[in-house]
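Overview (structure and organization)
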Amino acid sequence: MASAITAFATIVGGLGNIGPAAAQTGAPLPDLKLGQYDHSRAALTGGGALHTAAQPGTIKGQYVVRLREAPVTSYTGGVKGLAATRPAAGHELQPHSAAAEKYRQHLGEAQRDVLGDFGVRAQRTYTTAFNGFAVKMTSAQAGKLSKDPRVAAVTPARLVKADAATTPTTQAAQHTAQAPARTAAPTAARTKPVHGSNVVIGVIDTGIWPESASFAATMAAPAGWHGTCQTSRDFPATACNGKIVGARYFADGWLSAYGSLPEGESLSPRDMYGHGTHTASTAAGLPVKHAMVLGHDYGAISGVAPDARIAVYKALWGGSGTDADIIAAIDAAVADGVQVINYSVGTAMGDYQPNSPIGNAFLNAYLAGVFVATSAGNDGMSGMISNAEPWVTTVGATVERSHEATVRLGDGTRIVGTSMDQLPSRRSTPIVFADQAGSLEDGAQYCWSGSLDPAKVKGKIVACDFIDSVDAVATVKAAGGVGVVLFQSTGNARLNVIYDFPTVYLWSAEQAGKLFNYLWAHRTDGTASLAQGGDGSSLVGLPSVAGLSSYGPDQTHTGLQKPDLVADGIDVVAAVSPMGGGRLFDAYSGTSMAAPHVAGMAALLRTRHPKWSPGATASALRTTATDTQGTASPLRQGSGMPQTSSADDPGLVIEPSAAELTTFAAAATPDGKEINLPSIALREYDGTKPVRLTRRLTNVGTRTETYTAHVDGLAGMKVAVSPRTISVKPGATATVTITLERGTATWDRYSTGSLVFSSARHRVRLTVAGRPWGFTPRPYDDTGIEFGRTGGQGQGFLEPGFTGPLAGRTTGYIPVTWTDKQLTTTVSGGVFSPGGVGTQGTRIVVPRGSAGLIVQTASDDPDTNLDLYLYKDGKLVDRSWASWHSSERSVRFFPEPGVYTAYVHAQTATSPDVPYRLGVTVIPGNTDRHNATLTAPAKVERGASSQVTLNPVGPQPDVEQWAYTEFRTGRTVVPGLLISSR
């Protein structure tokens with residue numbers, strides 16, 4: 001069985017070549033004569049981008065230039081003869097007033113002066129939410145321009161991508177983009193008396209399919225709307241029916257960078273991809289009684305704010321777009337008069353720098369009164385957050401429908417996976433590994449197209465270690481199979497694609513291991529049945545945070561909590577473009593699908609509370625949010641799951657001032673903990689000192705209320721709120737001082753919880769996450785906490801989070817205990833499972849008070865590749881599985897006491913009997929073996945690197961040894977490093 005080649009963050013493949021749309025949807029599609037323009041379907045990748053040279057990254061020779069003067073949204077006066085244009089609190093921007101037009105003319109003249117002085121020509125200029133231009137120039141020109149006092153920033157243009165995890169595809173591709181998820185029935189947010197009427201939600205995305213039933217309503221444009229319908233040969237004026245109140249497209253940046261649009265795209269607001277239609281309908285689609293997909297009814301669906309209008313701003317082409325076009329879309333949306341923007345777009349592996357040009361444009365949109373909902377990203381890892389600015393509401397994804405399905409193997413083993421397809425009852429159906437059913441040279445193990453032998457597949461269920469799930473299912477179906485079990489050896493993300501063929505997806509490595517080991521033992525007589533439903537074991541509960549959802553802390557800022565919220569984002573059924581796969585509705589997954597849920601909720605609140613600022617709206621949603629199942633950590637869920645019924649009457653709101661946000665935006669290394677936000681994040685605080693912050697709480701209710709503060713969670717931290725009790729009149733604001741100290745909280749690990757202000761009627765929650773920085777600054781969570789905690793060759797390096805005197809001690813060296821082992825395997829490239837083929841377990845007891853556990857493997861055979869898995873209480877706690885060697889190592893710093901099992905698995909081997917060595921070292925925390933002394937600096941400074949050295953005392957054995965080092969600053973003890981002698 002070939003090992004999986006996809007990375008952890010790679011998500012399930014796309015939706016494949018579906019076939020004639022009419023046959024799939026049960027209703028004919030309108031004849032738009034799209035074929036005459038050669039609009040073939042796009043081939044999509046995860047992240048929503050095309051397989052073209054245009055991948056996320058910088059665009060050579062393209063720059064976005066921001067000038068120092070404020071744009072129309074943020075100008076507060078100061079230029080002689082030009083009145084302020086930024087709206088007062090509670091008032092809307094007047095983007096086309098005489099004052100705004102006069103100031104816009106002033107900005108245009110200033111832009112032309114700068115362009116003329118440097119001899120460059122703007123490709124596009126911006127004045128409403130961004131003051132600057134996009135330009136093509138040399139790096140030398142960019143360097144000179146950046147030094148001009150009129151210029152605030154010169155940034156290389158970049159490509160961004162749609163944040164969906166499942167999208168349609170017609171080619172084999174890996175998928176990490178975000179897409180809309182199924183809503184089986186309207187939620188509470190969708191049944192309020194007011195459904196967002198007179199609010200316009202601007203959707204910056206891949207366009208829209210206007211003929212969808214989700215947009216089939218004629219409405220009048222709301223007051224104050226200034227937008228337009230940008231028509232083309234395939235996007236008639238009738239497409240803007242009032243429900244779709246405006247539609248524009250922005251392609252100058254893309255065309256300048258790449259010369260032409262991706263294959264299958266249309267230079268119009270029409271969605272040829274599906275993502276934009278899905279996000280728009282999720283946010284504000286009309287109720288549809290029967291969402292039909294491939295002839296199956298997936299129930300009634302509705303947008304969160306079905307009475308809101310939709311304004312389309314197409315700036316993604318084939319799922320990706322340039323920041324020059326994105327900024328143009330933001331600029332136009334604000335000028336048109338939208339009140340809410342949904343932006344389900346992000347950067348692979350999260351934001352890489354603070355205060356990007358797109359972020360600056362969104363700041364100015366916020367200052368103009370526009371609420372912005374953004375997607376957090378689908379990398380499924382800590383620190384990989386997209387859209388991490390404090391003025392946008394960053395949304396992660398939750399699983400809200402289990403869609404469990406069970407694979408029952410012939411020996412009675414039940415594996416609970418997931419499926420949205422019809423699974424007919426079949427008993428004792430033969431099941432075969434795909435690599436036994438075709439040509440390995442043609443990719444049979446992955447069920448690649450044309451690789452399977454129909455004679456070996458007909459009438460059987462086929463297990464596919466897939467790369468492209470849609471291609472795999474289609475291949476099995478074409479070869480005469482009756483069902484598919486999809487898996488990946490290293491695991492993936494839990495979501496669904498509707499295949500219209502009996503298919504069960506096993507997303508975890510543990511599930512893959514169970515399947516593999518059964519089929520290896522039953523190469524010719526394996527049987528299985530596929531059935532809908534399960535025992536609930538596939539989830540910690542509903543709703544729960546999705547595994548693909550990127551989570552905190554925010555690696556770009558040390559004082560911000562991201563994501564802000566989590567919302568429905570897995571298996572969401574909504575309208576899509578049939579050009580992306582022949583369907584009018586489909587199930588998509590990803591944080592792309594979660595963000596429009598929050599955008600719709602903001603529209604509902606805007607209707608109810610038109611004077612609320614975007615910050616007040618965000619606060620109401622966050623302070624009244626509820627916990628997901630399985631975690632209450634703000635790193636994973638932010639403030640939690642928003643509930644509009646509660647947010648409608650939050651009691652207090654905590655919103656930042658414009659000055660706080662603009663100061664943050666101007667900082668070279670912005671922090672954010674001082675901003676008046678409904679959360680507190682302390683990623684790298686000095687644990688030797690207290691941290692004092694203030695928060696301003698404004699009563700948005702109709703009566704005076706008295707609130708008392710109390711602490712929930714925050715184990716080991718000392719927290720004080722002064723005053724602890726506040727009485728706040730309607731419209732008034734109370735200020736509290738919050739003091740946080742490390743107390744007994746563990747160094748270099750997070751303590752999470754919340755501060756709750758309770759009255760007789762309201763409960764206002766501020767989530768808190770703090771990590772006292774001892775010796776390892778870390779832009780990630782506690783997963784892999786040992787990062788930076790080890791040293792070798794008798795030396796280590798400290799990077800302290802405090803300044804002060806230092807005294808150290810060591811346990812002395814403890815030799816590694818190596819044991820010769822041998823395991824038996826009959827397979828090369830198998831799938832790990834505890835107790836499975838090619839796997840051997842060793843029991844390790846770790847006493848209480850241990851400072852370190854180091855487990856290692858070694859082999860003398862260069863052609864053998866071993867992997868190491870460390871379990872405790874039946875759960876995986878760590879793994880080391882490099883694909884090119886057998887020298888694996890797992891290090892646990894201050895491990896939990898108890899019994900561990902180290903499993904060694906032969907990923908590749910040259911013989912059935914595999915000799916290897918297992919090394920185990922358990923280091924007691926309080927011992928002193930007197931065989932080494934520690935040399936350390938007498939004083940350290942925060943952030944400065946210092947070297948420490950272990951000096952052997954007396955004769956030492958000729959083996960690898962490990963020691964624990966610990967330090968004291970004043971009366972405070974700070975755990976140090978684990979240092980090896982080699």
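Our subject is the structure that appears above.
Given the structure is predicted, the values throughout are model-derived calculations rather than measurements.

Turning our attention to the pattern of salt bridges. Between side chains of opposite charge, a pair can form when the charged atoms approach closely. Enumeration according to the criterion identifies 25 salt bridges in this entry. A salt bridge links R248 to D336; the shortest N-O distance between them is 2.9 Å. Here R248, found in strand 6 (residues 244-249), pairs with D336, found in helix 6 (residues 323-336); they are 88 residues apart in sequence, far enough to count as distant. Judged by relative accessible area, D336 falls into the buried class, the value being 3%. One salt bridge in this structure joins R608 and D648, with 2.8 Å as the shortest N-O distance. With a gap of 40 residues between them, R608 in helix 11 (residues 591-608) and D648 in the loop between helix 14 (644-647) and strand 26 (652-653) connect regions that are remote in the sequence.

Looking now at the sheet that holds strand 27 (residues 679-686). The mixed open sheet is built from five strands, whose spatial order is 27-34-33-29-31. The open sheet has two free edges, formed respectively by strand 27 and strand 31 (725-728), since each of these has just one partner strand. Averaged over all neighbouring strand pairs, the angle between strand axes comes to 25 degrees, with direction disregarded. Examined bridge by bridge, strand 29 (residues 705-713) and strand 33 (residues 751-758) share six bridges and lie antiparallel to one another. Directly across from D712, in strand 33, lies its bridge partner S754.

In this model, L542 is joined to P543 through a cis peptide bond whose omega is -10 degrees. Of note, P543 is situated in the loop between strand 21 (527-532) and strand 22 (544-545). The omega angle of the peptide bond from S722 to P723 is -10 degrees, so this bond is cis rather than trans. Structurally, the position occupied by P723 is in the loop between strand 30 (718-722) and strand 31. Unlike most non-glycine residues, D873 shows phi in positive territory, near 55 degrees. Here D873 lies in the loop between strand 43 (865-872) and strand 44 (875-880). For D873, a relative accessible area of 62% gives the class exposed.

Our next topic: the sheet that holds strand 47 (residues 913-924). A sheet is described by the order of its strands in space; here four strands give the open sequence 40-47-42-45, paired in antiparallel fashion. Both outer strands of the open sheet, strand 40 (817-824) and strand 45 (889-893), are each paired with one neighbouring strand and no more. Taking each pair of neighbouring strands and ignoring which way they run, the sheet shows an average axis angle of 15 degrees. Here eight bridges tie strand 42 (residues 850-858) to strand 47, and the two strands are oriented antiparallel to one another. Looking at strand 47, one finds that A858 is bridged to R917.

About the cut-offs
Residues numbered from 1 in each chain as written. Predicted model: local features only at pLDDT ≥ 70, side-chain atom pairs only at ≥ 80, totals over all residues. Heavy atoms only, no water. Salt bridge = Lys/Arg side-chain N within 4 Å of Asp/Glu carboxyl O. Helix = DSSP H or I, 4+ residues; strand = E, 2+ residues; numbered from the N terminus. Buried < 20%, exposed > 50% of the residue type's maximum accessible area, 1.4 Å probe, protein only. Pairing = 2+ DSSP bridges. Axes fitted to C-alpha atoms, helices over the stretch in contact; angles between N-to-C directions.

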